[in-house]
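For reference, the chains in residue letters:
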Amino acid sequence: MQGLTYGVDIVLCIDATGSMSPIIDRVKESALRFHEDLRKVMAAKSKNIDSLRVRVIAYRDYYCDAPEEAMVTSEFFSLPQQAAEFSRFVNGIEARGGGDEPETGLEALALAMRSDWDTKSRKRRQIIVVWTDASVHPLEKNAGDKPDGYPQDIPEDFDELTDMWEGQEYMDASAKRLILYAPDALGWTEIANHWENVIHFPSQGGNGLEEVDYSTILDTIANSI
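In this text the structure is predicted, and so the values were computed from the model without any measurement.

Glancing now at the overall build of the protein. Looking only at helices and strands, the protein features eight helices and seven strands. Compactness check: the protein gives a C-alpha radius of gyration of 17 Å against a globular reference of 17 Å for 225 residues, within 12% of the reference. Reported as C-alpha extents along the three principal axes, the dimensions of the protein are approximately 55 × 35 × 30 Å. Counting the 225 residues in the protein, one finds 52% classified as buried. Considering only contacts within the protein whose residues lie at least 6 apart along the sequence, 76% involve residues at least 24 apart. Carbon and sulfur atoms provide 43% of the accessible area of the protein, an area that totals close to 10,200 Å². Separation between the mean location of the 22 positive side-chain charges and that of the 40 negative ones in the protein comes to 11 Å.

Here is the structure:
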């Protein structure tokens, strides 16, 4: 039987603060084989990827770090064609900064939703994956007095962020998926409990997601396609 074919866009939101060095190292090690491994897992499920693009958003904390360190973003890389460029970008990410908990993870999620998603493929998936072991700052923190370099188009509160996810202005309702490797903590728990098309794997705060296995990440992504 002929398998289904998809155009798949994946945005990896990676907490790049100091405690996250184990998962960042794993992503770096896996960058060159990410495309091949995901295709193998998909093939085993009788699914085919016609086009795969991956974007990376490495975030820290606008309230502690310089703007250029607080949010480091790439464009979409087409894989395997741009595997070398993808690898170079990921290898440039270092786990540092962030201060103490919490971090500006909801800001990273908002930027991910506004990605330049593929809208041409007949069958498509738009997947955001968040890797973090930290809670988040409320979006309304320091309203009217945000740090220098804080993005201007970030939602003002959690309800506005929810409206972004539930609407169709930024993502296709039938295509979008959110995979959270995040603790049961402020922000992430509310998302897991109230948003649709969300898969949540609770992590232990401060452990750097050491318990998350690469094969589990691939299998979860494949099951979301």
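Now that the structure has been shown, we can carry on.
On to the packing of aromatic side chains. Per the stated rule, a full pass over the model turns up nine aromatic pairs. Ring plane angle 50° and centroid distance 6.2 Å describe the contact between F77 and F89, whose orientation is recorded as tilted. In this pair, F77 is assigned in strand β4 (residues 77-79) and F89 in helix α4 (residues 83-91), connecting sequence segments twelve residues apart. Taken together, Y62, Y63 and Y150 form an aromatic cluster joined through their ring pairs. Here the basic side chain of K141 rests over the ring of Y63, its NZ or CZ set 4.3 Å away from the ring centre.

Before going further, it helps to examine the pairing of strand β5 (residues 124-131). In the case of a regular strand, side chains alternate between the two sheet surfaces. Among the eight residues in β5, seven count as buried, and that is most of the element. Summarising the sheet, β5 and strand β6 (residues 176-182) pair through six bridges and their orientation is parallel. Following the sheet pairing, W131 is matched in β6 by Y181. Read as a crossover between parallel neighbours, the route from β5 over helix α6 (residues 158-166) to β6 is right-handed.

Attention now moves to the confidence of the model for the protein. Per-residue confidence for the protein gives a mean pLDDT of 87; residues scoring 70 or more make up 92%. Within the protein, no element has a lower average pLDDT than helix α1 (residues 21-30), which sits at 74, and none a higher one than helix α5 (residues 105-113), at 97.

In this fold, E107 is placed in helix α5. Although buried, E107 forms no salt bridge, and the nearest oppositely charged side chain, K146, lies 5.3 Å from it. Looking at E107, its side chain comes within polar contact range of the side chain of Y150, at 2.7 Å.

Definitions and limits used
- Residues numbered from 1 in each chain as written.
- Predicted model: local features only at pLDDT ≥ 70, side-chain atom pairs only at ≥ 80, totals over all residues.
- Heavy atoms only, no water.
- Helix = DSSP H or I, 4+ residues; strand = E, 2+ residues; numbered from the N terminus.
- Rg over C-alpha atoms; globule rule 2.2 N^0.38 Å.
- Buried < 20%, exposed > 50% of the residue type's maximum accessible area, 1.4 Å probe, protein only.
- Contact = heavy atoms within 4.5 Å.
- Areas by Shrake-Rupley, 256 points an atom, 1.4 Å probe, with all protein chains shown as cover.
- Lys, Arg positive; Asp, Glu negative; His and termini not counted.
- Charge placed at Lys NZ, Arg CZ, Asp CG, Glu CD.
- Phe/Tyr/Trp six-rings, centres within 6.5 Å; stacked < 30°, edge-to-face > 60°.
- Lys NZ or Arg CZ within 6 Å of the ring centre and 35° of its normal.
- Pairing = 2+ DSSP bridges.
- Right-handed = clockwise from strand over helix to strand, strands pointing away.
- pLDDT = per-residue confidence, 0-100.
- Salt bridge = Lys/Arg side-chain N within 4 Å of Asp/Glu carboxyl O.
- Polar contact = N/O pair within 3.5 Å; in protein donor to acceptor, adjacent residues only side chain to side chain.

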